[in-house]
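# Chains, contacts and geometry: an overview
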Amino acid sequence: MEFSAAVERLYRLNTGVIGTGAARHERPHKPVLLLAVLDAVAAGQARPDRVPWSTWLRQRFAAYFEVVRSHDDTCAPELPFYYLRSDELWEPLIANPDGSSPLPAPPKARDADTGRVFARLVKGWDTLFADPVSRIALRDALIARYFPHARKALTPLFLEPALDLGTEETTVAEDDVAPEMPGRSAGFRRRIVELYDHQCAACGLRIRLPEPEVTFVDAAHLVPFSESRNDHPTNGLALCKNHHWALDQHLIAPDPSRVWRVSRRIDSRRSLGEKELAGLDGQKLLAPAESAFNPDPRGLEWRFERLLDQAV
Ligand SMILES: [Zn+2]
């Protein structure tokens, strides 16, 4: 499997969403298990074709889980160990006299270290996990997508060194100059476009042609990736080309109450285009299909603060 395809898949794990109201959130279990498995392979505690269900793995899982857990998340490594099979990158197995067969249910704590329960990475994931460079890059993709706000707290736990991201100042902070990891943009875009059902979060325009699929909307970052290294869906908006451009130019911005604001630099008497853009002022920001991925208020604030010539 191509590395870019792997990153795209990692961005769209079937994680599940739980909780209600403000506690509604994406479950962290699967990405946390993958972080622990990357470490297990690096430490020689597992091979890509045989990842034992072990105390070592459970403890690595718990160490990461403690950092990223929220609300009433419970530390349960057995769940992703079993259910990751639905993401088609991993097969949980149980040893028997004839070799092995599919694990029928999540393993128990007492099955750890017996050597009977294990999983193997499949469909090219084994090759990627065997290579130290791609392991580090996959880990970085998992953090950018699932745990961007915990990056600092997670870094000391890594068994392999973090990517050297450089320290030079970036003066322009727009999406198209962000450091690129193959598959990253595509993964982010697909997740956002799906969540907004191919609809622009400003004007509501939707154009979607099937086979091969063509969609009219882009995925825009609230806080640009180059600055935030944050590909969590709460840092994204689906926008049509026009509104994406206007957002990047800081001519429009959603405010923290999720209402669009238009810069006073736009003069609706000057042209039809500007008149149309000005009409967005005061309109509600369209919400994504899943409330767990509503735009992060910190990102909305970042955009609103940078709106050009705003009324005071
Ligand atoms: Zn639009």
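No experiment lies behind these values; they were computed from the predicted model shown. (Residues numbered from 1 in each chain as written. Predicted model: local features only at pLDDT ≥ 70, side-chain atom pairs only at ≥ 80, totals over all residues.)

With that out of the way, let us pick up helix α2 (residues 29-42). Structurally, the α-helix is built with 3.6 residues per turn, so residues lying three or four positions apart point the same way. Across its 14 residues, α2 extends 20 Å between first and last C-alpha, which sits within 8% of the 20 Å expected from 1.5 Å per residue. Taken from the residues just after α2, glycine 44 is the one with a positive phi, measuring 75 degrees. (Helix = DSSP H or I, 4+ residues; strand = E, 2+ residues; numbered from the N terminus. Expected span 1.5 Å × (residues − 1).)

Turning to the sheet that holds strand β4 (residues 90-96), a few remarks are in order. Here four strands make up an open sheet; going across it, the order is β3-β6-β4-β5 and the pairing antiparallel. Each having just a single partner strand, β3 (51-52) and β5 (99-102) make up the two edges of the open sheet. The pairing of β4 with strand β6 (residues 117-121) spans five bridges and is antiparallel. Bridged to proline 92 within β6 is alanine 119. (Pairing = 2+ DSSP bridges.)

Here we come to the packing of helix α1 (residues 3-10) against helix α6 (residues 132-146). Packing of α1 against α6 leaves a shortest axis separation of 10 Å and a crossing angle of 30 degrees. Judged by the angle between their axes, α1 and α6 are roughly parallel. When the axes of α1 and α6 are compared, the crossing they make is right-handed. On α6, the residues touching Phe3, Ala6, Val7 and Leu10 of α1 are Ser134, Leu138, Ala141, Leu142 and Arg145. Residues belonging to the contact of α1 with α6 are distributed by class as follows: seven nonpolar, one polar and one charged. (Axes fitted to C-alpha atoms, helices over the stretch in contact; angles between N-to-C directions. Parallel < 35°, antiparallel > 145°, perpendicular 65-115°, else oblique. Left-handed = near helix turned anticlockwise from the far one by under 90°. Contact = placed C-beta atoms within 7 Å. Nonpolar A, V, L, I, M, F, W, Y, C, P; charged D, E, K, R; others polar.)

Put simply, an interface is often sized by how much accessible area is lost when its parts join up. One can read the domain layout of the protein chain as domain 1 (3-157) and domain 2 (195-305). For domain 1 and domain 2, the distance between their C-alpha centroids amounts to 33 Å. Taken together, the contact between domain 1 and domain 2 spans ten residues of the former and eight residues of the latter. The set of elements that each furnish at least two residues to the side of domain 1 that touches domain 2 consists of β2 (25-26) and α6. In terms of residues, the side of domain 1 that touches domain 2 owes the most to one element, α6, which gives three residues. (Domains from an automatic or database assignment.)

Turning next to helix α10 (residues 241-248). Of all the positions in α10, only His243, His244, Ala246 and Leu247 are classed as buried. Buried residues of α10, viewed axially, fall in a sector of 165 degrees; they line one side. Residues of α10 that are buried make contact with β9 (217-221), β10 (236-240), β11 (252-254) and α11 (272-278). Directly after α10, the chain includes histidine 250, whose backbone phi takes a positive value near 60 degrees. (Buried ≥ 20, exposed ≤ 12 C-beta atoms within 10 Å, placed from the backbone. Arc of directions from axis to C-beta.)

Here we take up the environment of isoleucine 143. Inspection of the secondary structure assignment puts isoleucine 143 in helix α6. On a C-alpha basis, the gap between isoleucine 143 and valine 67 in space is 12 Å, while along the polypeptide they are 76 residues apart. Filtering out sequence-adjacent residues up to four positions away, isoleucine 143 remains in contact with Pro148, Arg151 and Leu154.

We now examine the nonpolar core. The biggest cluster of nonpolar side chains holds 73 residues, and the ones touching the most others in it are Ala36, Val37, Ala238, Leu239 and Ile252. Among the elements that make up this core, the one with the highest residue count is α2 (nine residues). Lining this core are residues from two domains, each supplying at least three of them: domain 1 (3-157) and domain 2 (195-305). Apart from the residues within four sequence positions on either side, leucine 239 is in contact with Cys200, Ala201, Ala202, Val217, Asp218, Ala220, His244 and Leu247. (Core = buried A, V, L, I, M, F, W, Y, C linked by C-beta atoms within 7 Å.)

Turning to its location among the elements, tyrosine 11 is positioned in the loop between α1 and β1 (17-18). Between the alpha carbons of tyrosine 11 and arginine 184 there is a distance of 7.9 Å; along the sequence they are 173 residues apart.

Attention now moves to the packing of α2 against α6. Closest axis-to-axis distance for the α2/α6 pair is 10 Å, and the angle between their directions is 160 degrees. The orientation of α2 relative to α6 falls into the category roughly antiparallel. Crossing of α2 over α6 shows left-handed handedness. Listed contacts from α6 to Pro31, Leu34, Leu35, Leu38, Val41 and Ala42 of α2 are Arg135, Leu138, Arg139, Leu142 and Tyr146. Taken together, the residues that form the contact of α2 with α6 break down as nine nonpolar, no polar and two charged.

Bridge analysis of β4 against β5 gives four bridges, and the strand direction is antiparallel. Residue leucine 93 lies in a different strand from β5, and its bridge partner there is proline 102. Linkage of β4 to β5, two consecutive antiparallel strands, is achieved through a turn of two residues.

Further remarks concern the environment of alanine 46. Following the sequence through the fold, alanine 46 ends up in the loop between α2 and β3. Taking the C-alpha atoms as reference, alanine 46 lies 43 Å from tryptophan 302; in sequence the two are 256 residues apart.

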